[in-house]
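Structural description and commentary
Each chain, letter by letter, is given below.
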Amino acid sequence: MAETFTSNSNPHRRDKYSPLSTLVMQALRRFGDFHPGTVDGDVMLMFLEFANAIIDDIRLHPYHDTTKPIDYYESPEEWRAIPDIILINGMLYHYALQQGSDKLQMYMPLYNQTINSQLWQQHNGNTKIQMKVVDDGTNERNSSGKTSNINGTVTA
């Protein structure tokens, strides 16, 4: 039921996922502190660290498919099978946190919403979330079908 995702952020760069260096430039443009073309190597390495922290967030997320391991970035020119929007919003959040910026109030919930919705979409497709009765309860509807471990729906 889960769908395969590709990046729509930079189709001119790659068919699927964008290189980290491209995503860093996009995040810096959105943050608006300075011209992304003036970024030095140390800033790029800082964003590489942010991207690896995002990989940790994904690895720990309950919707992450643990059968698909994600390696850390070793170079800004590498790409990973992570939707671009998760990386961009995650880097904006980490950068705002590192800078002590008031923009953190905007980027933290945006990152959380993005990672939750994108990983849910990968995990379960476009289905609604339903509550799951874990002990089969006392209601007849719970004993007449099978409860999905993925989204909590009951089938006959």
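Thresholds, definitions, all that
Residues numbered from 1 in each chain as written. Predicted model: local features only at pLDDT ≥ 70, side-chain atom pairs only at ≥ 80, totals over all residues. Heavy atoms only, no water. Phe/Tyr/Trp six-rings, centres within 6.5 Å; stacked < 30°, edge-to-face > 60°. Helix = DSSP H or I, 4+ residues; strand = E, 2+ residues; numbered from the N terminus. Buried < 20%, exposed > 50% of the residue type's maximum accessible area, 1.4 Å probe, protein only. Lys NZ or Arg CZ within 6 Å of the ring centre and 35° of its normal. Expected span 1.5 Å × (residues − 1). Contact = heavy atoms within 4.5 Å. Polar contact = N/O pair within 3.5 Å; in protein donor to acceptor, adjacent residues only side chain to side chain.

1. So, the packing of aromatic side chains
For the structure on display, the rule yields seven aromatic pairs. An angle of 15° between the planes, with centres 5.5 Å apart, marks the rings of Y93 and Y111 as stacked. Of this pair, Y93 sits in helix α3 (residues 84-99) while Y111 sits in helix α4 (residues 104-124), and the two are 18 residues apart along the sequence. The burial state of Y93 is the same as that of Y111; both residues are buried. Here the aromatic cluster, defined as three or more aromatic residues joined through ring pairs, consists of F31, F47, F50, Y95 and Y107. The positively charged end of R59 is found above the aromatic ring belonging to Y72, 4.2 Å away from the centroid.

2. Some thoughts on helix α2 (residues 41-60)
With 20 residues, α2 should reach 28 Å at 1.5 Å per residue; the first-to-last C-alpha distance of 29 Å fits that figure. Listed in full, the buried residues belonging to α2 are M44, M46, F47, L48, F50, A51, N52, I54, I55 and I58. As for α2, its buried residues are in contact with α1 (20-31), α3 and α4. Put simply, D40 is the residue that caps the front of α2, since its side-chain oxygen is 3.3 Å from the backbone nitrogen of D42.

Geometry only, nothing functional implied.
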